[in-house]
Amino acid sequence: MALERTFSIVKPDATKRNLVGQIVAKFEEGGLRVIAQKRIQLTLAQAQTFYGVHSERPFFDELCEFMISEPIVVQVLEGENAIARNREIMGATNPAEAVAGTIRKEFALSIGENSVHGSDAPETAAEEIAFFFSGLELVG
Ligand code: RTP
Ligand code: MG
């Protein structure tokens, strides 16, 4: 199986509580490697563009306001089956439904403030990586 790359965000609820290291440790223990990482603060326009697929959903405004409320840490993770593996390590969107040991079970505060984002398919992973990183910043 070839190496795959996925895009990950440590969300504002987690950066605020100083959980970046504990979250990265979960990815590393799960077999993924951080090949790019930076701490940034999104503008509202950037958050709305990034989550554009959800623009008609009732939680869209709340989600975008949350994503700009504190700095975030954006990452590219690499490994075998990285997209699926990352989503397993994150756990279900709603922490009440997440399996024990997953990031969202251990750290998420609610379905909205759920500590991490991970790409859901190869096409979205490629788009999301390109939205935040230049090729030169990816050091595999
Ligand atoms: P993500 O995109 O952040 O990795 O999460 P996901 O695939 O598990 O969930 P998705 O359906 O793509 O939703 C994106 C983010 O929107 C927020 N959300 N809030 N209040 C709500 O009912 C609700 N539902 C979703 C969450 O922050 C979710 O991660
Ligand atoms: Mg999603």
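- Going by the annotation in an unreviewed UniProt entry, the name recorded for the chain is Nucleoside diphosphate kinase, with Paramylibacter kogurei given as the source organism.
- Regarding the chain, the UniProt comment filed under Subcellular location (unreviewed entry) reads as follows: "Cytoplasm".

**Side note on helix α4 (residues 60–67)**
Piece 1. Taken together, the buried positions of α4 are F60, L63, C64, F66 and M67. The arc that holds the buried residues of α4, viewed along the axis, is 160 degrees, so those residues lie on one side. For α4, the exposed residues set more than 90 degrees away from the buried face come down to D61 and E62.
Piece 2. As for α4, its buried residues are in contact with β1 (3–10), α1 (12–16), α3 (44–50) and β3 (72–80).

**Quick notes on the site of ligand 1**
Piece 1. Neighbouring ligand 1 are 14 residues, the closest being T93, G112, N114, H117 and G118.
Piece 2. One nitrogen or oxygen atom from the side chain of T93 is found 2.4 Å from an oxygen atom belonging to ligand 1.
Piece 3. At 2.8 Å from an oxygen atom of ligand 1 is found a main-chain nitrogen or oxygen belonging to G112.
Piece 4. Coverage of ligand 1 by the protein chains reaches 81% of its 560 Å² of free accessible surface.
Piece 5. In terms of residue count, strand β4 (residues 116–118) provides more of the shell around ligand 1 than any other element does, 3 residues in total.

**Looking at the UniProt feature "domain: Nucleoside diphosphate kinase-like" (unreviewed entry) in the chain**
Piece 1. Residues annotated in UniProt with the feature "domain: Nucleoside diphosphate kinase-like" (unreviewed entry) correspond here to residues 3–140.
Piece 2. Between the end C-alpha atoms of residues 3–140 the distance is 10 Å, and the span holds 40% helix and 20% strand.

**Points about the sheet that holds β4**
Piece 1. Within the open sheet, the 4 strands sit side by side as β2-β3-β1-β4. Their pairing is antiparallel. The sheet is open, and its two edges are formed by β2 (33–40) and β4, each paired on a single side. Taking the axes of each pair of neighbouring strands and ignoring which way they run, one obtains an average angle of 20 degrees across the sheet.
Piece 2. Of the pairings in the sheet, the one linking β1 to β4 comprises 3 bridges and is antiparallel in character. Residue pairing across strands places I9 opposite H117, the latter belonging to β4.
Piece 3. Of the strands in this sheet, β1, β2, β3 and β4 touch helix α7 (residues 122–132), which is tilted by about 60 degrees from β1.

**Side note on α7**
Piece 1. What α7 keeps buried is the set A125, E128, I129 and F132. Axial view of α7: buried residues confined to an arc of 100 degrees, hence all on one face. Every exposed residue of α7 that faces more than 90 degrees away from the buried side is listed here: E123, E127 and A130.
Piece 2. Turning to α7, the residues buried within the fold contact β1, β2, α3, β3, α5 (82–90) and β4.

**Description of the packing of aromatic side chains**
Piece 1. Applying the stated criterion across every chain yields a total of 6 aromatic pairs.
Piece 2. Between F50 and F132, the ring centres sit 5.5 Å apart and the planes meet at 65 degrees, which makes this aromatic pair edge-to-face. Pair noted here: F50 is in helix α3 and F132 is in helix α7, with a separation of 82 residues, a long-range link. The pair F50 / F132 is uniform in exposure class, with both members buried.
Piece 3. Taking the relative accessible area as the measure of exposure, F132 reaches 10% and is therefore buried.
Piece 4. Grouping aromatic residues by their ring pairs yields a cluster made of F7, F50, Y51, F131 and F132.

Calculation criteria
- Numbering of residues begins from 1 in every chain and follows the order in which that chain's sequence is written.
- Lettering of chains starts at A and numbering of ligands starts at 1, both following the order in which they are written.
- Given that the model is predicted, a residue must reach a pLDDT of at least 70 before its local features are reported, and side-chain atom pairs must reach 80 or more before they are shown or counted; all residues, however, enter totals for whole chains, interfaces and linings.
- Only hydrogens and water are set aside when side-chain values are computed; all heavy atoms of the structure are taken into account.
- UniProt positions are given in the numbering used here, feature names are shortened, and annotations may be inferred rather than shown by experiment.
- Exposed residues in this analysis have more than 50% of their type's maximum accessible area, buried residues have under 20%, and partly exposed residues fall in between, with area computed by a 1.4 Å probe over protein chains only.
- Strands are runs of DSSP state E lasting at least two residues, helices are runs of H or I lasting at least four, and both sets are numbered from the N terminus onward.
- Starting at the helix axis, one direction is taken to each C-beta atom, and the arc is that of these directions.
- Throughout, a residue-residue contact means that at least one pair of heavy atoms, one from each residue, lies within 4.5 Å.
- To be near a molecule or strand, a residue needs just one of its heavy atoms within 4 Å of it.
- The definition of a polar contact used here is a pair of N or O atoms within 3.5 Å, where within protein one atom must be able to donate a hydrogen and the other to accept one, and adjacent residues in sequence count solely through side-chain atom pairs.
- Areas reported as accessible are Shrake-Rupley estimates using a 1.4 Å probe. Residue values count occlusion only from the protein chains shown.
- In this analysis, strands are considered paired if DSSP registers two or more bridges between them.
- Lines fitted to the C-alpha atoms define the axes, with helices restricted to the stretch that makes contact. Angles between their N-to-C directions range from 0 to 180 degrees.
- Any Phe, Tyr or Trp ring, taking Trp's six-membered ring, that has another such ring centre within 6.5 Å forms a pair; planes under 30 degrees apart are called stacked, those over 60 apart edge-to-face, and the others tilted.

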